[in-house]
Amino acid sequence: QSFYYNVRDVRTADDALLSVKVMIFYEISDLQRMLDQTSDPIADITNSCCADIVSSVSACDYIAFVESISKYNDLKTYPQLCERAHSIGITIQ
């Protein structure tokens, strides 16, 4: 499965206002855990993804963000997303 999500109103350290569009690929790896742990898995995924993006983008200025844009393709940039997804039986790909 996959979906697009726009993380709006993200500010860099130098106060540039951005929208960051991400595409999230996921697989339900443990259906029973998902049913036991959450009533809204998509909200859990999007909220944790937003937290990771806001945290990462706010730590750099606009130029540094643009120069490091490729890091947003790496799951290492999304620790909260990966942790939350795992806890609810979802694998982020």
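This text gives an overview of the structure that appears in the document. The model shown is predicted, which means the values in this text are computed figures rather than measured ones.

Points about the pairing of strand E2 (residues 17-28)
So, point 1. As judged from the eight bridges shared by strand E1 (residues 2-11) and E2, these two strands associate in the antiparallel manner. The partner of Val7 across the bridge, within E2, is Val20.
So, point 2. Once E1 ends, the chain turns through five residues before running back antiparallel as E2, passing Asp15 with a positive phi of about 75°.
So, point 3. Relative to strand E3 (residues 90-92), E2 is paired through three bridges, and the arrangement is antiparallel. Residue pairing across strands places Ile28 opposite Ile90, the latter belonging to E3.

Regarding unusual backbone geometry
So, point 1. In the Ramachandran plot, Asp9 falls in the positive-phi region, its phi being about 60° despite a non-glycine side chain.
So, point 2. Following the sequence through the fold, Asp9 ends up in strand E1.
So, point 3. The class for Asp9 is exposed, based on a relative accessible area of 61%.
So, point 4. One non-glycine residue, Asp15, lies in positive phi territory at about 75°.
So, point 5. Position of Asp15 relative to the elements: it lies in the loop between E1 and E2.

Reading the values: rules and limits
Residues numbered from 1 in each chain as written. Predicted model: local features only at pLDDT ≥ 70, side-chain atom pairs only at ≥ 80, totals over all residues. Heavy atoms only, no water. Pairing = 2+ DSSP bridges. Helix = DSSP H or I, 4+ residues; strand = E, 2+ residues; numbered from the N terminus. Buried < 20%, exposed > 50% of the residue type's maximum accessible area, 1.4 Å probe, protein only.

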